[in-house]
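# Architecture and fold: a report
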Amino acid sequence: MAEQTHVLFVEDDDVIREATQLALERDGFAVTAMPDGLSGLEAFRADRPDIALLDVMVPGLDGVSLCRRIRDASTVPVIMLSARADSIDVVLGLEAGADDYVTKPFDGAVLVARIRAVLRRFGHANGHGSAAESEGGSGVDRGVLSFGELEIDTEGMEVRKGGTPVALTPTEMRLLLEFSSAPGTVLSRDKLLERVWDYGWGGDTRVVDVHVQRLRTKIGQDRIETVRGFGYKLKA
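Residues numbered from 1 in each chain as written. Predicted model: local features only at pLDDT ≥ 70, side-chain atom pairs only at ≥ 80, totals over all residues. Heavy atoms only, no water.

Turning our eyes to something else, we now look at the overall build of the chain. Along the backbone of the chain there are nine helices and eleven strands. When the 236 residues of the chain are sorted by exposure, 49% land in the buried category. Considering only contacts in the chain between residues 6 or more positions apart, those separated by 24 or more positions represent 59%. When the accessible surface of the chain is totalled, it reaches about 10800 Å², and 49% of it is carbon and sulfur. (Helix = DSSP H or I, 4+ residues; strand = E, 2+ residues; numbered from the N terminus. Buried < 20%, exposed > 50% of the residue type's maximum accessible area, 1.4 Å probe, protein only. Contact = heavy atoms within 4.5 Å. Areas by Shrake-Rupley, 256 points an atom, 1.4 Å probe, with all protein chains shown as cover.)

Right, let's get into the pairing of strand E8 (residues 158–161). In the sheet, strand E7 (residues 150–153) pairs with E8 via four bridges, with the strands oriented antiparallel. Note on E8: the bridge partner recorded for Leu150 is Lys161. Linking two consecutive strands that pair antiparallel, namely E7 and E8, is a turn of four residues; a positive phi of about 55 degrees is found at Met157 within it. Alignment of E8 against strand E9 (residues 164–166), held across three bridges, turns out to be antiparallel. By the bridge assignment, Lys161 is partnered in E9 with Thr164. In this structure, the hairpin formed by E8 and E9 is closed by a connection of two residues, where Gly162 is found at a positive phi of approximately 60 degrees. (Pairing = 2+ DSSP bridges.)

This part is about the packing of helix H7 (residues 170–181) against helix H9 (residues 206–219). Angle between the axes and distance between the axes are the two parameters that describe a pair of packed helices. Put simply, H7 and H9 touch, their axes get as near as 10 Å, and they point 85 degrees apart. Judged on the interaxial angle alone, H9 and H7 are roughly perpendicular. Here Thr171, Glu172, Leu175, Leu176 and Phe179 of H7 come into contact with H9, specifically with His211, Val212, Arg214, Leu215, Lys218 and Ile219. Residues of the contact of H7 with H9, tallied by class, amount to six nonpolar, two polar and three charged. (Axes fitted to C-alpha atoms, helices over the stretch in contact; angles between N-to-C directions. Parallel < 35°, antiparallel > 145°, perpendicular 65-115°, else oblique. Nonpolar A, V, L, I, M, F, W, Y, C, P; charged D, E, K, R; others polar.)

What follows covers the sheet that holds strand E1 (residues 6–10). In sheet architecture, strand pairing relies on hydrogen bonds along the backbone and comes in two forms, parallel and antiparallel. On the basis of which strands lie adjacent, the open sheet formed by five strands has the order E2-E1-E3-E4-E5 and parallel pairing. This sheet does not close on itself; its edge strands, each paired only once, are strand E2 (30–34) and strand E5 (100–103). When strand polarity is set aside, the average angle formed by the axes of neighbouring strands in this sheet is 20 degrees. Looking at chain direction, E1 and strand E3 (residues 51–55) are connected through four bridges and run parallel. Bridging from a neighbouring strand, Phe9 pairs with Leu53 of E3. Here helix H1 (residues 14–26) sits on the sheet in contact with E1, E2 and E3, set at roughly 170 degrees to E2.

So this is what it looks like as structure tokens:
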């Protein structure tokens, strides 16, 4: 039997926490559910889960701060949960290192689909297939791709800038692989949502914008160019 995916779920509402835990367990996940950020951090350190679901507004240590603490130590996928779709909640969570977010109230099937999409992205960015390969495209060339001082090892899933290793999250790696598979080609936000986040339907393009900005801070602000009204492209 395949090993269960371990989910850390931090939510202070007892009803939501218990109902969501039961729903996830019915779908085959192993769940550790915690009511506040500090106990969530302790559980993360003790259990090393495969993915973390963090409510933004939890006591002790809020979800955004908890996400930062997790991201300081790990690239484990993180999905933020928020009762509001306010820009500040979404952007703060994504800037803290979250890979995606889901607005409450959420449908259980949608949450499971988003969890599985993030986990697929995590696997692909750790050497189990590139973003382009996952959708049946031609993929990037095997070996090392060079763009100025930026080097992308598409087999070892490593990135270097000026010879210095660059630490990317799985989502950032997937995003960079998409850009590097078509340097100089403008990729729309909707196309990036489809290819990187596995959204087969319209999603929040703020997710793309924040991740592009995070990627720029790591590989160089001028390496990814904004084409107003169309999207982004990697400078060849």
